[in-house]
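# Architecture at a glance
Each chain, written out:
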Amino acid sequence: DEAGVAEDTIVVFTSDNGGLSAHARGAAPDGQKQHAHNAPLRSGKGSAYEGGIRVPFVAAGPGIATRSEPIATPVVGTDLYPTMLALAGASLPAGRTTDGVDLLPLLRGSGAIAARAMLFHQPHKWGPTGPGIEPFSAIRVEDWKLIWFHRPAEDGSPRIELYDVAHDPSESRDRAADQSEKCAELITALRDSLA
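Okay, so let's go over this structure.

Before going further, it helps to examine a negative patch on the surface. On the surface, Asp1, Glu2, Glu7 and Asp8 cluster together into a negatively charged patch. Inspection of the secondary structure puts Glu2 in the segment before β1 (11-14).

Below, the structure written as structure tokens:
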């Protein structure tokens, strides 16, 4: 406002992954040395769990509606590119594609975006250890999230977890065993997305 550019400026606040957890900073605010900084979400930065991948996304500026309540529709970082292009009145360069979708209908309060799969692929190991902090691939389709950990179980079987993250954001109840059809559906979707 002071610089006189507010009418021509879009401000976006987000993060590339969840907040640091106790494993990297010592004790949590309650004094526990547990991965609880992102409560009620499970674990933190670098994790396959919601505490590692669910982040804030706030946008403000011309063409963006002011709201008192958050939008519940899940979005992903790759949506920023087509959204910023649309806000600027530009389009994708000829011959280019993007994995993201234009979020303007949501940001303007004029509509919704189509349900779609969102992929999270971290096939490498990095420094810290903790719950879900290991090589993984995950997919979210509507309320369901499947995590495929790349290191197999001791018996050689795949380590797969399934969560209804809309109703269980703390991922406290693995549903892979009692939702075998949903699990198989998301395994196929994950394989197709990575192909």
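For helix α3 (residues 80-87), every residue scored as buried is listed here: Pro82, Thr83, Leu85 and Leu87. Those residues of α3 that are buried lie in contact with α4 (104-108). The positive-phi residue at the C-terminal boundary of α3 is Gly89, with phi of around 75°.

It is worth spelling out helix α5 (residues 180-194) at this point. For α5, built from 15 residues, the straight-helix expectation of 21 Å at 1.5 Å per residue is met to within 8% by its first-to-last C-alpha distance of 21 Å. When α5 is considered as a whole, its buried residues turn out to be Cys183, Leu186, Ile187 and Leu190. Along the axis of α5, the buried residues cluster in a sector spanning 110°; they form a single face. Exposed and facing more than 90 degrees away from the buried side of α5 are Glu181 and Asp192. Here the buried face of α5 lies against β3 (117-122), β4 (136-141), β5 (144-149) and β6 (159-164).

Mapped onto the fold, Arg159 is located in strand β6. In this structure, Arg159 is in contact with Glu134, Ile147, Trp148, Phe149, Arg151, Pro152 and Ala153, ignoring residues within four places of it in sequence.

Take Arg140: it is sitting in strand β4. Although Arg140 is buried, it forms no salt bridge, and the closest oppositely charged side chain is Glu50 at an N-O distance of 4.2 Å. Here the side chain of Arg140 touches Glu142 through a polar contact of 2.7 Å, landing on its backbone oxygen. Beyond its immediate chain neighbours, meaning those up to four positions away, Arg140 contacts Glu50, Arg54, Pro74, Arg116, Ala117, Met118, Phe120, Lys145 and Val165.

Here we take up the pattern of salt bridges. Going through the model one piece at a time under the given rule, you end up with nine salt bridges. Measuring nitrogen to oxygen at the nearest pair gives 2.9 Å for the salt bridge that ties Arg175 to Asp178. For Asp178, a relative accessible area of 41% translates into the label partly exposed.

Relative to the helices and strands, His124 resides in the loop between β3 and β4. It is 9.1 Å that separates the C-alpha atoms of His124 and His150, two residues lying 26 residues apart in sequence. Other than its neighbours up to four places away in sequence, His124 contacts Glu134 and Pro135.

Turning our eyes to something else, we now look at the nonpolar core. Ala48, Tyr49, Ile53, Met118, Phe120, Phe136, Ala138, Ile147, Phe149, Tyr163 and Val165 form the largest nonpolar core, which has 11 residues in total. If you list the elements that add at least two residues to this core, you get β3, β4 and β5. For Ile147, the residues in contact, after removing those within four places along its chain, are Ala48, Tyr49, Phe136, Ser137, Ala138, Arg159, Ile160, Glu161, Tyr163 and Glu171. The next biggest cluster of nonpolar side chains, apart from the first, holds 10 residues, and it includes Trp144, Leu162, Ala176 and Ile187.

What counts and what doesn't
Residues numbered from 1 in each chain as written. Predicted model: local features only at pLDDT ≥ 70, side-chain atom pairs only at ≥ 80, totals over all residues. Heavy atoms only, no water. Patch = residues over 30% accessible without salt bridge, like charges linked within 9 Å, V, L, I, M, F, W, Y side chains within 5 Å. Areas by Shrake-Rupley, 256 points an atom, 1.4 Å probe, with all protein chains shown as cover. Salt bridge = Lys/Arg side-chain N within 4 Å of Asp/Glu carboxyl O. Lys, Arg positive; Asp, Glu negative; His and termini not counted. Charge placed at Lys NZ, Arg CZ, Asp CG, Glu CD. Helix = DSSP H or I, 4+ residues; strand = E, 2+ residues; numbered from the N terminus. Buried < 20%, exposed > 50% of the residue type's maximum accessible area, 1.4 Å probe, protein only. Contact = heavy atoms within 4.5 Å. Expected span 1.5 Å × (residues − 1). Arc of directions from axis to C-beta. Polar contact = N/O pair within 3.5 Å; in protein donor to acceptor, adjacent residues only side chain to side chain. Core = buried A, V, L, I, M, F, W, Y, C linked by side-chain atoms within 4.5 Å.

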